[in-house]
Amino acid sequence: MTYQSLKGFPDILPDAAAGWRRLESVIHELARRFGYGEIRLPMLESTDLFARGVGEGTDIVGKEMYSFLDKSDPPESLTLRPELTASAARAFVQHSMAQAQPITKWYYIGPMFRYEQPQAGRFRQFHQFGLELYGSPNPEADAEVIIAGAELLRMLGLTNYKLRLNSIGTAEERAAYRTALLEYLTPLSGDLSQESVRRMEKNPLRVLDSKKAEDIRATADAPKILDVLQEESREHFERVKGLLAASGVEFTIDHRLVRGLDYYTRTAFEFQGLDLGAQDALGGGGRYDMLIEQVGGKSTPAVGFSFGMERLLIALQHAGLAGDMAPEEDVYVIGLDDASRAWAATATAEFRAAGLSAECDLLRRSMKAQMREANRRGARAVVIVGGDELAGRHAQVKDLASGDQKAIGFDDLLGELKGLLARPAAPHTVPAPVQPDRTEPISES
RNA sequence: GCGGGUAUAGCUCAGUUGGUUAGAGCGCCUGAUUGUGGCUCAGGAGGUCGUGGGUUCAAGUCCCAUUACUCGCCCCA
């Protein structure tokens, strides 16, 4: 009986982790440029927070949460966070951020949990990066967040995506639209897919979002939410579009874009990957002016987005930008006999303390095996010590790139290594000392 | 929750109409004269063929179940 990680809970091994770290460093850099501070929030929150924050009617709350009762008396229902906007809003209220400063800008990176069937680009434990901007009701804030999303993709080198943009209005406007849409859809329900008929009762706007051909056909002439927006929302949306255009961010207006979470108002957007599978949303977000109040704070406008990190990684792979990280090491220390091995171990520790990446053999293997290992690890230099060297208090230092080797006294070793590492690797990396007896058929006269 | 596909060595995969000790490439280990890597060559280790039943003289191969993975539906990042 062997154990296996849970379905949808993948391990990330060092080779893959390298890609994650690259992505994370781009994210931190983006956040630095845009002035967002990192928040690290708990994995667990009260189930009620998500129920109220994300929305009772959403699938996330309805069927995808990892919820359980804890050991307290009476037991409390807790939930592994399925997203972070609600938690961040909770933290914003709890720490009275609105009193401390007029604008708060936060970002987060971390695992989220949703009980779903795993498939391409979707896991039960997955990772999101998100921004939250609290305090501004103005279109400049919407634009800043969207531009940050576009900038992230630009920094990563991703171009194969499109930005879809829509406004879903205020709560009142959406309620009005909802009845208008229902009026249009009800006589057509015979033409709709079964799912959409079901959706009509729960959340009619989602019918627009359907991928099914019959639904798309049936809704072709449906009223558009943009047409029912009041002057203020319309103006807001126009300003957002203008600001994006001025920043050179390309987008397409998509009146079918409806976000699945209850807390969104007005601006909604999604960065859609073009060569991903069915799970093609790289990231998405929008404005959520009602959420802070909903989780018990003073009414505060906010905008944000979140990106799926697994999906960004998949997109990078598709674009050939994954780039495997070649193992790179400064120095490998080789000892030939017992005494030399002991020396190698302490020397390795010294080199490490001096800031070099150093490695030595832990298996008491032959010199040949140690050389092979050094090469495999991508070591720049190798330090070799045997009985003679130990007696003479010096070591052979070999530049693995050029093949040059010389004896260096123990006291000068560190300096020699640092000097060697500071020089660029010799351009002719593979000198191939074999086949010296090659005849020269060309240049002879 | 519902459908399709897949499951053989660490990895990627072959495995003929069921028939003897299950293969390849890569990777790993060891050698190719005394203490020197990459290339090449030669050896070697490693698999109860996902698991459990069944059919058969005989199952990696056929049937059933189950689990995992995978791709979709739903929904989302």
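Residues numbered from 1 in each chain as written. Chains lettered and ligands numbered in written order. Predicted model: local features only at pLDDT ≥ 70, side-chain atom pairs only at ≥ 80, totals over all residues.

### A closer look at the pairing of strand β4 (residues 77-80)
Looking along a regular strand, one sees the side chains alternate between the two faces of the sheet. Here three bridges tie strand β2 (residues 44-46) to β4, and the two strands are oriented antiparallel to one another. Counterpart to Glu45 in the pairing with β4 is Thr79. (Pairing = 2+ DSSP bridges. Helix = DSSP H or I, 4+ residues; strand = E, 2+ residues; numbered from the N terminus.)

### Quick notes on the packing of helix α6 (residues 139-156) against helix α11 (residues 231-246)
Following both chains from N to C, one finds α6 and α11 inclined at 40 degrees, their axes separated by 9 Å at the closest point. Considering the angle they form, α6 stands oblique to α11. When the axes of α6 and α11 are compared, the crossing they make is right-handed. On α11, the residues touching Pro139, Glu140, Asp142, Ala143, Ile146 and Ile147 of α6 are His236, Arg239, Val240, Leu243 and Leu244. A per-class count over the contact of α6 with α11 returns seven nonpolar, one polar and three charged. (Axes fitted to C-alpha atoms, helices over the stretch in contact; angles between N-to-C directions. Parallel < 35°, antiparallel > 145°, perpendicular 65-115°, else oblique. Left-handed = near helix turned anticlockwise from the far one by under 90°. Contact = placed C-beta atoms within 7 Å. Nonpolar A, V, L, I, M, F, W, Y, C, P; charged D, E, K, R; others polar.)

### Observations regarding the sheet that holds strand β7 (residues 161-167)
Spatially, the eight strands line up as an open sheet ordered β1-β5-β6-β11-β10-β9-β7-β8, and their pairing is mixed. For this open sheet the edge positions go to β1 (37-38) and β8 (252-253), each flanked by a neighbour on one side alone. Here strand β9 (residues 265-273) runs beside strand β10 (residues 281-287); their pairing, made up of six bridges, is antiparallel. Its bridge partner being in β10, Ala268 is matched across the sheet by Gly286. Packing of helix α4 (residues 85-94) onto the sheet brings it into contact with β5 (104-113), β6 (125-134) and β11 (302-308), and relative to β6 it is tilted by some 45 degrees.

### Here's the deal with the confidence of the model for chain A
Averaged over all residues, the pLDDT of chain A equals 88, while 94% of them reach at least 70. Scoring the predicted complex yields pTM 0.87 and, for the interface, ipTM 0.84. (pLDDT = per-residue confidence, 0-100.)

### Comments concerning unusual backbone geometry
Backbone geometry follows two general trends: most residues other than glycine have a negative phi, and most peptide bonds adopt the trans configuration. The step from Asp73 to Pro74 runs through a cis peptide bond, and the omega angle for that step is 0 degrees. The topology assignment puts Pro74 in the loop between β3 (66-69) and β4. The phi torsion at Ser96 lies on the positive side, around 50 degrees, for a residue other than glycine. Position of Ser96 relative to the elements: it lies in the loop between α4 and α5 (97-100).

### With respect to the environment of Arg32
Relative to the assigned elements, Arg32 resides in helix α1 (residues 14-34). Owing to 12 C-beta atoms within 10 Å, Arg32 belongs among the exposed residues under this scheme. Between the alpha carbons of Arg32 and Leu244 there is a distance of 21 Å; along the sequence they are 212 residues apart. (Buried ≥ 20, exposed ≤ 12 C-beta atoms within 10 Å, placed from the backbone.)

### Looking at the sheet that holds β3
Spatially, β2-β4-β3 is the arrangement adopted by the three strands of the open sheet, whose pairing is antiparallel. Across the chains shown, the open sheet's two edge strands, defined by having one partner strand only, are β2 and β3. Sheet twist, expressed as the average angle between the axes of neighbouring strands with direction ignored, equals 35 degrees. With four bridges connecting them, β3 and β4 associate as antiparallel partners. The residue of β4 that forms the bridge with Leu69 is Ser77. Packed on one face of the sheet, helix α2 (residues 47-54) meets β2, β3 and β4 and runs near 75 degrees to β2.

### What to know about the domain arrangement of chain A
Looking at the assigned domains, one finds that chain A contains domain 1 (14-170 + 230-318) and domain 2 (329-422). Here the C-alpha centre of domain 2 lies 49 Å away from the C-alpha centre of domain 1. (Domains from an automatic or database assignment.)

### Section: the pairing of β7
In terms of residue burial, β7 counts as a mostly covered element, since five of its seven residues are buried. Where β7 lies against β9, seven bridges are found, and the strand directions are antiparallel. Its bridge partner lying in β9, Leu165 is registered against Phe269. Here β7 runs beside β8; their pairing, made up of two bridges, is parallel. Residue pairing for β8: Arg164 is matched across the bridge by Thr252.

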